[in-house]
Structure formats: C-alpha cells, structure tokens
Amino acid sequence: MNSLLGRKKIIAGFLLPGVIVYSISVVIPILWSIWYSFFDWNGYGAKEFCGLSNYLTMLSDKEMWQSVGHTINLSVWQVVLQVGGGLVLAVILSRMVVFKRVFQTLYYLPVIISSVALCQMFKKIFAVMPPGLFNQLLSAIRPEWIHLEWLTNIKTSLGMVIFTTGYKNVAVYMLIFYSALLTVSHSLTEAARIDGAGSWQIFRRITLPHLKPAMIANVILVMNGSLRSYDIPVLLTAGGPVNTSQTQALYMYKQAFTSMKYGYGSALAMFIVFESLLFAILIQLYSVRSKGE
Amino acid sequence: MQIRRKKISKKRAVGNVAITLISMLLLLIFVYPLVYTIFGSLKTYEEFISSPQYALPVKLYWGNYVKVFENNFFGYFINSFVIAILVVVITVVLSSMVAFAISKLRFRGKRQMELYFLLGLMVPYQVVLLPLYLTYSKIHLLNTYWSLILPQVAFGMPFSVQLFLAFFANFDNDLIEAAAIDGCGISKAFTIIVVPMCRNIIITVATLRAIFSWNEYIFSYTFINSKRMMTVVLGLNSFVGEEGLVDWGPTFAAISVTVIPTLIIYMFLSKYMQAGLTEGAVKG
C-alpha cells in the first residue's frame, strides 16, 4: 500500500501540471521582477545594471510617497468599512427575524458585480453634468446641492474611491463574521443572560472574544487587498483629479506601462510586496503575543 | 416576574422593528443601484432629460439593448465565456490534483508544497504584470485567450488548493486505499471515487472562479488590446467611452447585459459560493 501511494511517477503526475502552471505564471515572474528592479531599462534599449539606484530614486519620489499615503489612508478606511461594517452587518443579520437568507443573498450583490460595471454605475449616479441620481436626491434638501462634484473634486475623490471599495467588498466579511457568529455557544450566552448580563455585555465578553480569530483573518485579507488596490481607483477616478486618488499600484502601473520605466516600475512593485509582507509579519506577531497573554 | 417578562418582550418587539427597518434600509443601499441601472436601461434619451433619475420608465424601451448588441457585444460574450469555462475547468482539475497529492499521497516536502501554493495569496497581481507582458509579447501570446487563462488559473490556484485541502482533510483514506488495492490504481481511484464525492467543493470552486474570471480586469486590460479579443468588461468600458457619455440608456443596458450572467450563476449557486468564501477565510 505504502509503495502504491508513494510511487514517484504517480506523485509527479498529480503535482507537476499544477506546479508548472502556477510557477510559470506566479513564482518565476516574481523572481524576474526582482531582477528587473536592479536595471535601468525601457524595454527596447539595452538593460543597464544600476544596482540599488531604482530603490534610491523612490526615496525622493514625491509622487510615489503621495500615492503610498493615499494607499495607507484607503487601507485603514477599508479595515473600518469592511471589517467593522462587516461585523455590524453580521450582527444585524443574526438578529433578523424573517427572510435572513434573502437579505444575506441580496446584500452580497455588489461583490459579484464586476468593478468595471460597478464603477460605471457609480460614475452615473454621482455625475454632475447632467446631474446624477445622488445629486438629484440631495437637491431635494437644498437646491444648490445639485451642482456638488464628487468624483472630480480634489477633496472628495479619494473618499469616493474608499466608499466604493468598501461598498463592493463589505458583504464578504459580513459572511465570514456571520458564519463565525453561528458557532457562538448558545448555552454560554443563555447562562450569562440568566446571571443578569445585558446584551451589550454578552456581546463584549462572549461574542467578541469568540470572533477574534475571524477578526484577525479579516484584517489580513482586507489589508492584503487594499494595499494592491488598482481596479476601483483607476476605473472610478483614474487616480485623479491631479493624482488625488492615485494609489501606489496605479502609480506603479503608470511608471511601468505608460512611462515605460520597466526597472523603476518593478522596484515599485517590489515595494508593494514588501509592504504586504511587513504587515503580515506585524499582525502575526501581534496575534502570537495576544495569544500568550 | 410577570411584569419583567412583559417588559422584555416589549423591548424585544421594539428591537425587532428597528432591525427590520435597518435591514430594509441596507437592502436599499446594496440593491437599489443595480435596480436603478436596469430601469435606466429601459428609458429613452428623452426620458432621461425630462424626468428625474429615480423615475420608473414610462414604457419598456428596448432600443438601448439593440445598440449594445450592434456593438460587437456578442463577440465579447463569446470571448468571456470561452475564457471563463477554460479557467474553471483547468483550475478545478489542477487544484484538485495538487491538493489530493499533498493530502493523500506520500512524499517528502508536503508542508513546503502547501506553503509554496499559499505564497500566491500574498502576491499582488501587479508584480507579475510586467514579466508576463514581456514574455507574452515575445512568444506572441498577447491578444490570445491563453494570455488571460494562464494567469487567471495560476492566481486562482492558491485559494482553490486551500479549499480542496480542507475538504480532503476529512476524506476517508480507507476508501482510496481499498480502491487502489483492488487493482484500480491511484489515478483511477481518483477519477471514479474521489472526484464524484467532491461534487460540492467542485461547484464551490467553479462558481468562485467563473465569477472571478468574468469580472477580471487588470490582466485583460494589460494583455488584450485588439477589439476582436476583448472580454465583456473591456467591451463595456470601451462601449461607454464611445457611446455612453451623453446618452445614458445604452450605458445602463451594457452594464445590465454584462452583469446578467453573474446574477444567474449567483442566483442558482449562491449557497456554494458563500460556503467557499467563509471556509476559505477561516482556514486561510
């Protein structure tokens, strides 16, 4: 039996196709990106080795740090909107009396709509010329609000990207929290209630601690998605106006594909990877430490 | 005691009303934009100008859809369908085989192999874009189905392998061993015994991948520029750029058309999809 399950040909047959496809499209390109990041190269001329100079350029690249700032801003807000909002939605869902399943399914709709379709919808809903749905509704409160700009306003563009990203994804985290909520021990909460604990106390002392693993997993997932966010900023505002909603992934794309700075673009890409890893390590340390307490 | 119970039940009733109101409001927020879009797709240009945005269409006007399908949307649909189907089939086959090997076969380095596949969850797509773009342009793979299928499969594998691994962890080993000893061999045991029992997890992986592939933007935008090869999301974007700036009706019709296939899949298979998402996150 041992020999049958351990036969090399069979193992290779099962593993190799997957490993090859995955390696040539994910792992090897990463290694290439690292390699490119040490070159000054526009894709057509000769590659010139330039050591760390791409990374040094980054240090004084104002537009890059601005885009990093936007990305961190966006990511923190996504944790609030998606993890916080997801938790609130899950609690509401768990308190619902009827049609739970229907509500759960419908709340999830924005997740399955493509970013392209969603952004096209929001571009019309928040349009100014001609006034879109949102401004028409606002004008019922104050007529001059019909002229408010949302997507093309330097003060609100990043906010709109943040809102749209949160709106699109919050239901994913609602589902994860909801399925974790279903596993809260009923006898424990009943016992607490009999002992005179209020709903809020039960939530704080029993439910929240129970949700902690899901919470950590969700924060990692949300941060991981937000640090690389590209689709919604590019589709909703194209990073504008005047770069006010440009994320680091957008800036990287622009450098690599529009300005044809392949080396510098790769270095910027490595910076996104570095950030994601740093964050993953930090959260691991935090969760290990809090387990030890 | 009696009074207290009454008080509690009254409090509960108020709570129920509040929850119902909040849930309806949330429903409005999450569903209305799509409903508004679908209604908008049935309005004429004159209606957009003369009546408020939230007004219902006076009568159903299908001209916007005619415009959409005159604009090569059939072609975009075929492209997206072919790509999605191949992505789903290849991802399911490769991921289930890898997960089966890691979980049931005996070899050294299983844990490393699992971690190797987990790595992909951490990698931002942007990192591979440039190397893939350069390679594809060298081997003339740009503007082909494969330029999208390969990365979509590869980036779908980490999560799919995780889902299959979670499933195989509870899978009875005796069954496989018995079949293998009976002389049918591991490969045959896999196809005739294991795969049929994976039905639910296969549907889960397939729905998630199908919707991901249908909606995927960044690879498509980077690797495809010929109009003939465009997928539905690229077609939608270029259509809005060409026709939708002044007249909103065709834009809303195009959005509706691109969303409908995902809605249909979701309507029938949402249970499987949601199962996969919650499972994957808690495990991952």
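On a predicted model such as this, the values are computed, not experimentally measured, just so you know.

Cut-offs used in this document
Residues numbered from 1 in each chain as written. Chains lettered and ligands numbered in written order. Predicted model: local features only at pLDDT ≥ 70, side-chain atom pairs only at ≥ 80, totals over all residues. Helix = DSSP H or I, 4+ residues; strand = E, 2+ residues; numbered from the N terminus. Buried ≥ 20, exposed ≤ 12 C-beta atoms within 10 Å, placed from the backbone. Rg over C-alpha atoms; globule rule 2.2 N^0.38 Å. Contact = placed C-beta atoms within 7 Å. Core = buried A, V, L, I, M, F, W, Y, C linked by C-beta atoms within 7 Å. Nonpolar A, V, L, I, M, F, W, Y, C, P; charged D, E, K, R; others polar. Domains from an automatic or database assignment. Expected span 1.5 Å × (residues − 1). Axes fitted to C-alpha atoms, helices over the stretch in contact; angles between N-to-C directions. Parallel < 35°, antiparallel > 145°, perpendicular 65-115°, else oblique. Left-handed = near helix turned anticlockwise from the far one by under 90°. pLDDT = per-residue confidence, 0-100.

A. Just the overall build of chain B, in detail. Counting its regular elements, chain B contains twelve helices and zero strands. What you see in chain B, going N to C, is helices and strands ordered as α-α-α-α-α-α-α-α-α-α-α-α. The dimensions of chain B, computed from C-alpha atoms along their principal axes, are 80 × 75 × 35 Å. Residues counted as buried form 45% of the 284 residues belonging to chain B.

B. Structural detail: the overall build of chain A. A tally of regular secondary structure across chain A gives 14 helices and two strands. Relative to its length of 293 residues, chain A is extended, with a C-alpha radius of gyration of 24 Å against a globular reference of 19 Å. The dimensions of chain A, computed from C-alpha atoms along their principal axes, are 80 × 75 × 40 Å. In chain A, of all internal contacts separated by at least 6 residues, the share reaching a separation of at least 24 is 68%.

C. Looking closely at the nonpolar core. Of all hydrophobic cores here, the largest spans 156 residues; its most connected members are A:M174, A:F177, B:V98, B:V153 and B:L236. Once residues lying within four places of it in the same chain are set aside, the contact partners of A:M174 are A:G86, A:L89, A:A90, A:L93 and A:Y107.

D. Representation of the interface of chain B and chain A. Contact residues are listed per partner, giving 70 residues for chain B and 68 residues for chain A. A per-element tally of the side of chain B that touches chain A places helix α12 (residues 248-283) of chain B first, with 13 residues. Of the residues in the side of chain B that touches chain A, the class split is 50 nonpolar, 17 polar and three charged.

E. Here's a closer look at the domain arrangement of chain B. Under the domain assignment, chain B is made up of domain 1 (2-40) and domain 2 (73-283). Between the C-alpha centres of domain 1 of chain B and domain 2 of chain B there is a distance of 37 Å.

F. Highlighting helix α9 (residues 199-215) of chain B. The terminal C-alpha atoms of α9(B) lie 24 Å apart, and with 17 residues this matches the ideal 24 Å at 1.5 Å per residue to within 8%. The buried fraction of α9(B) amounts to 13 of the 17 residues, a majority that puts the element mostly inside the structure.

G. Up close: the packing of helix α4 (residues 73-104) of chain B against helix α7 (residues 145-169) of chain B. Residue and element names in this part refer to chain B. The contact between α4 and α7 brings their axes to 7 Å, and the two run at 40°. In terms of orientation, α4 lies oblique with respect to α7. Considering how the two elements wind past one another, α4 and α7 form a crossing that is right-handed.

H. Molecular detail of the confidence of the model for chain B. Across chain B, the average pLDDT comes to 88, with 94% of residues at or above 70. With a pTM of 0.91, the predicted complex shows an ipTM of 0.90.

I. Molecular detail of the packing of helix α5 (residues 110-122) of chain B against α7(B). All names here are of chain B. Following both chains from N to C, one finds α5 and α7 inclined at 130°, their axes separated by 7 Å at the closest point. If you check the angle between α5 and α7, you find them oblique. At the point where α5 passes α7, the crossing takes the left-handed sense. Contacts from E114, F117, L118, G120 and L121 of α5 reach α7 at F155, M157, P158, F159, V161 and L165. Across the contact of α5 with α7, the residue classes break down as nine nonpolar, one polar and one charged.

J. Inspection of the environment of A:C50 at higher detail. Residue and element names in this part refer to chain A. Note that C50 resides in the loop between β2 (48-49) and α3 (53-59). Of the residues examined, C50 has 17 C-beta atoms within 10 Å and is grouped as partly exposed. Expressed as a C-alpha distance, the spacing of C50 and S37, which sit 13 residues apart in the sequence, is 8.9 Å. If sequence neighbours within four positions are ignored, C50 has contacts with F38, F39, D40 and G263.

K. How the structure looks around unusual backbone geometry. Residues and elements named next belong to chain A. Following M129, the chain continues into P130 via a peptide bond in cis, with omega recorded as -10°. Here P130 shows up in the loop between α7 (115-125) and α8 (133-138). Note the cis peptide between G240 and P241, where omega equals -10°. Here P241 shows up in the loop between α12 (231-237) and α13 (248-258).

L. Looking closely at the environment of B:P196. Residues and elements named next belong to chain B. With respect to the element layout, P196 can be found in helix α8 (residues 173-197). Owing to 9 C-beta atoms within 10 Å, P196 belongs among the exposed residues under this scheme. Sequence-wise, P196 and I49 are 147 residues apart; in three dimensions their C-alpha atoms are separated by 56 Å.

M. Fine view of α7(A). With respect to burial, α7(A) is a largely interior element, eleven of its eleven residues being buried. Listing the buried residues of α7(A) in full gives A:S115, A:V116, A:A117, A:L118, A:C119, A:Q120, A:M121, A:F122, A:K123, A:K124 and A:I125.

N. Representation of the environment of A:V19 within the structure. Residue and element names in this part refer to chain A. Looking at where V19 falls in the secondary structure, it is placed in helix α2 (residues 8-36). With 19 C-beta atoms packed within 10 Å, V19 lands in the partly exposed category. Residues V19 and V111 lie 92 residues apart in sequence; the distance between their C-alpha atoms is 30 Å.

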